[in-house]
Amino acid sequence: MKGTKKYISPILTTIILILFTIYLYTNPQIIDGLISVKTIYILLIMGLYLLIFFVEGVFIQVTLDIFKKKVDTKESFFLATISRIGNYLLPMRAGAVFRAAYLKKKFNFDYSNFLSTLYGYYIIFFLTNSVLALLILLIKWFVQDQQYMLLITFFFAISIGMLLLVFIKFPLDRYIERSKGITKRILTFISKFLKGWDLIVKNKRAFLLLILLAFANIFINILVVVSEFLAININGDILDSILYTCISGVSLLISITPGSLGIREAVFLITSGSLGLNSDQVIQLAFLDRGIMFVLLLVALFVILIFFKRYNLKELFFSEKREVK
């Protein structure tokens, strides 16, 4: 069973790509709409994504600073970018593995503490997206008389779940004392991870800054969505753009395929009524966004390999692999 798990993601990704190809073949008007996209929009969206990478890098800087690990702006931008490359081009959030390996190799940053920072990123990111989505859905309900109870329930549940994870405590010390062997090692690792998260939450200044950075991330993503709507002549209002952004954010909860390929699109197709979009527009947006991101990350990877040689990615990741073995 363990051996078959590694094949699930590539098989699923291949199936999704085949379905996309068939859809494009049977709906050539989608290609026509994409061909007419002006270069200025493509460059604008690429620039906005680079700005998002920068914000994510600052997020990494702040979380590492809590654990007394210092990285400069250039290095944090590099870490955010390689994380994006791994997450987007490889399955199962591989970018997180790259970042963990880098921080362990260079800073001896404990894996349990790294998981605390990753845990913090996703909790804050999902919480801010969910709260904002709830606000937009309530405005649509009371101002525009559009009721989407299933979405409201979904985002409310995520918001409550994330809040519980922020404030709930898991006292494991007494269980660790009674445990032995592998159970004790697992509980000790989890305890260190939770203590690391608790360290982040208790640093109120840093925690507030992380929330502000998450909202900044969402704001720039909204600009990306608005730009993409304009690029393919979709007349979506600002509420639809914000809701689209938030739904895209929480779709990362399911990351079986690279960049949640197919998963995010399926979510958009299911919720298209609340976004004022039809199925063709959802697919057009998917191809535009993923195409731009794919090209941007390939260029970023090339630039990193040529101009960021001091980070020596090949030596870092292959040596890490040998150490694990």
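Residues numbered from 1 in each chain as written. Predicted model: local features only at pLDDT ≥ 70, side-chain atom pairs only at ≥ 80, totals over all residues. Heavy atoms only, no water.

### So, the side chain of glutamate 75
Argument step 1. Structurally, the position occupied by glutamate 75 is in helix 4 (residues 73–89).
Argument step 2. Looking at glutamate 75, the relative accessible area reads 4%, which means it is buried.
Argument step 3. A distance of 2.7 Å separates a polar atom in the side chain of glutamate 75 from a polar atom in the side chain of lysine 106. (Helix = DSSP H or I, 4+ residues; strand = E, 2+ residues; numbered from the N terminus. Buried < 20%, exposed > 50% of the residue type's maximum accessible area, 1.4 Å probe, protein only. Polar contact = N/O pair within 3.5 Å; in protein donor to acceptor, adjacent residues only side chain to side chain.)

### Re the confidence of the model for the protein
Argument step 1. Per-residue confidence for the protein averages 78 on the pLDDT scale, and 74% of its residues sit at or above 70.
Argument step 2. Here residues 1–5 is a poorly scored stretch, pLDDT under 50, and it has zero contacts once near neighbours within four places are set aside; other chains count.
Argument step 3. Every residue in residues 318–325 scores below 50 in pLDDT, and together they form six contacts with partners more than four places removed in sequence or on other chains. (pLDDT = per-residue confidence, 0-100. Contact = heavy atoms within 4.5 Å.)

### A few points about the UniProt feature "transmembrane region" (unreviewed entry) in the protein
Argument step 1. In the UniProt entry, the feature "transmembrane region" (unreviewed entry) is given for residues 7–25, 40–64, 76–98, 118–139, 148–168, 206–230, 242–263 and 283–308.
Argument step 2. Each end of residues 40–64 is marked by a C-alpha atom, and these two atoms are 36 Å apart; helix forms 100% of the span and strand 0%.
Argument step 3. For residues 148–168, the helix share is 90%, the strand share is 0%, and the end-to-end C-alpha distance is 30 Å. (UniProt positions renumbered as here; feature names shortened; annotations may be inferred.)

### Examining a nonpolar patch on the surface
Argument step 1. Taken together, Phe156, Ile160, Leu163, Leu164, Phe167 and Ile168 make up a surface patch of nonpolar side chains, about 580 Å² in accessible area.
Argument step 2. Turning to its location among the elements, phenylalanine 156 is positioned in helix 7 (residues 149–167).
Argument step 3. On the basis of relative accessibility, which here comes to 48%, the residue phenylalanine 156 falls in the partly exposed class. (Patch = residues over 30% accessible without salt bridge, like charges linked within 9 Å, V, L, I, M, F, W, Y side chains within 5 Å. Areas by Shrake-Rupley, 256 points an atom, 1.4 Å probe, with all protein chains shown as cover. Salt bridge = Lys/Arg side-chain N within 4 Å of Asp/Glu carboxyl O.)

### Considerations on empty space enclosed by the protein
Argument step 1. Following the criterion strictly, the structure yields two cavities of 30 Å³ or more and no others.
Argument step 2. Of the voids in this model, the second largest cavity is the one considered here, and its volume is about 40 Å³.
Argument step 3. In terms of lining residues, the second largest cavity is bounded by Val55, Glu56, Phe59, Tyr121, Phe125, Leu213, Ala214 and Asn217.
Argument step 4. Elements with a contribution of two residues or more to the lining of the second largest cavity: helix 3 (39–66), helix 6 (111–142) and helix 10 (204–231). (1 Å grid on protein atoms, 1.4 Å probe; cavity = no way out; pocket = protein on both sides within 12 Å on 5 of 7 lines; lining within 4 Å. Points joined across faces, edges and corners; volume = space filled by probe spheres on them.)

### Comments concerning the packing of aromatic side chains
For any pair of aromatic rings, geometry is given as the distance between the ring centres together with the angle between the planes.
Argument step 1. One pass over the full model with this rule turns up ten aromatic pairs.
Argument step 2. Consider the rings of phenylalanine 59 and tyrosine 121, whose centres lie 5.1 Å apart with planes at 90°: the pair is edge-to-face. Of the two residues, phenylalanine 59 sits in helix 3 while tyrosine 121 sits in helix 6, which places them 62 residues apart along the sequence. The pair formed by phenylalanine 59 and tyrosine 121 is uniform in burial state, with each residue classed as buried.
Argument step 3. The interplanar angle of 25° and the centroid separation of 5.7 Å between the aromatic rings of tyrosine 122 and phenylalanine 126 together place this pair among those described as stacked. Of the two residues, tyrosine 122 and phenylalanine 126 are both situated in helix 6; the distance of four residues between them amounts to about one turn of the helix. (Phe/Tyr/Trp six-rings, centres within 6.5 Å; stacked < 30°, edge-to-face > 60°.)

### Quick word on the nonpolar core
Argument step 1. Leu103, Phe155, Trp197, Leu243, Tyr244 and Leu277 are the most contacted members of the largest nonpolar core, which totals 88 residues.
Argument step 2. The greatest single-element share of this core, amounting to 15 residues, is contributed by helix 6.
Argument step 3. Setting aside residues no more than four positions away along its own chain, leucine 103 makes contact with Leu64, Leu79, Asn108, Phe109 and Phe114. (Core = buried A, V, L, I, M, F, W, Y, C linked by side-chain atoms within 4.5 Å.)

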